[in-house]
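Structural description and commentary
Below are the chains, spelled out letter by letter.
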Amino acid sequence: MEEGFRGNMPKMQLNIYAPKNATGNEKVMIYLYGGSWKSGNKEMYNFFGKRLAKKGIIAVLINYPLSPDFIVTDMAYAAAQSVKWTYENIADYGGNPMKIFISGHSAGGHLASLITLKDDYILDLGMKNPIKGAVLIDAAGLDMHGFLKKNNFPPDNIYIKAFTTDSQLWKESSPIYFVDINDPPLLIMMGGKTLPGILSSTERFMNVYKQYVSEPNYKLQKKKTHAGMILQFFNRSNIAYDWIEEFMEDSL
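These lines cover the structure that appears in this document, whether it is placed above or below. (Residues numbered from 1 in each chain as written. Predicted model: local features only at pLDDT ≥ 70, side-chain atom pairs only at ≥ 80, totals over all residues. Heavy atoms only, no water.)

The next subject is the overall build of the chain. Assigned secondary structure in the chain consists of 10 helices and seven strands. Against the globule reference of 18 Å for 252 residues, the chain gives a C-alpha radius of gyration of 17 Å, in line with a compact fold. Reported as C-alpha extents along the three principal axes, the dimensions of the chain are approximately 50 × 45 × 35 Å. The 252 residues of the chain split such that 55% are buried. Looking at the chain alone, contacts between residues at least 24 apart form 80% of all its contacts between residues at least 6 apart. With the model as given, the accessible surface of the chain reaches about 11300 Å², and the carbon-plus-sulfur share is 48%. With 27 positive and 25 negative side-chain charges, the chain shows a spacing of 8 Å between the two charge centroids. (Helix = DSSP H or I, 4+ residues; strand = E, 2+ residues; numbered from the N terminus. Rg over C-alpha atoms; globule rule 2.2 N^0.38 Å. Buried < 20%, exposed > 50% of the residue type's maximum accessible area, 1.4 Å probe, protein only. Contact = heavy atoms within 4.5 Å. Areas by Shrake-Rupley, 256 points an atom, 1.4 Å probe, with all protein chains shown as cover. Lys, Arg positive; Asp, Glu negative; His and termini not counted. Charge placed at Lys NZ, Arg CZ, Asp CG, Glu CD.)

Ranked by internal contacts, the top residues of the largest apolar core, which has 81 residues, are W37, F205 and F233. Ranked by residue count, the leading element in this core is helix α2 (residues 72-89), at eight residues. If sequence neighbours within four positions are ignored, F205 has contacts with L117, L142, P175, I176, V179, L186 and I188. (Core = buried A, V, L, I, M, F, W, Y, C linked by side-chain atoms within 4.5 Å.)

Next up, the structure:
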């Protein structure tokens with residue numbers, strides 16, 4: 001298995017949006033952006049953090065290292081570090097470290113689900129996984145092993161640059177292989193007009209997930225494209241905010 005470049009990891013920063021007069025007992029949402037594991041920046045999603053804060057949720061928007069300079073294990077490790085930092089420091093911003101959730105769109109959804117379902121990344125940091133639930137917004141890569149096996153991409157492909165040519169790493173980085181009865185709950189949102197790879201990967205994931213959760217919290221938004229799944233959050237009154245608030249409340 002490729003270990004990545006953890007020894008040379010750049011220092012990552014995060015943005016925090018907290019409600020006014022946070023009491024110290026507020027729920028917390030860590031958010032990871034999408035961008036095919038090769039692009040993106042937390043500043044692009046400040047609108048999401050601001051809107052979550054308006055709804056009484058502390059939002060933590062993070063950056064993570066990107067390909068081709070880094071590989072998926074580095075990205076997951078950075079995401080896990082953000083969870084640890086949040087657990088240890090969020091009380092200073094009015095958040096409750098026992099009420100930490102994680103979310104992500106596209107590649108960010110993949111990383112969020114991976115460190116939620118596969119405890120190794122957070123356990124390696126010397127702590128138990130504190131994540132109470134994950135909100136997956138049109139997540140990519142839920143079965144990256146199956147996707148890469150099927151497509152047989154050349155070495156210079158953007159996905160291979162992030163996941164390498166090591167098929168064992170593909171499997172170890174695919175959340176579908178880490179579903180079990182003890183997992184935190186998931187809110188899974190998918191657009192009906194999303195990318196074909198996400199449609200097929202999510203379908204395979206759901207077939208496995210239903211073996212452990214008889215009634216998954218799954219929301220299919222039939223008219224939404226892949227980009228539309230995150231752009232909908234510009235609308236403060238979008239129903240997806242209601243789904244997130246209900247999910248967080250029900251998961252505690």
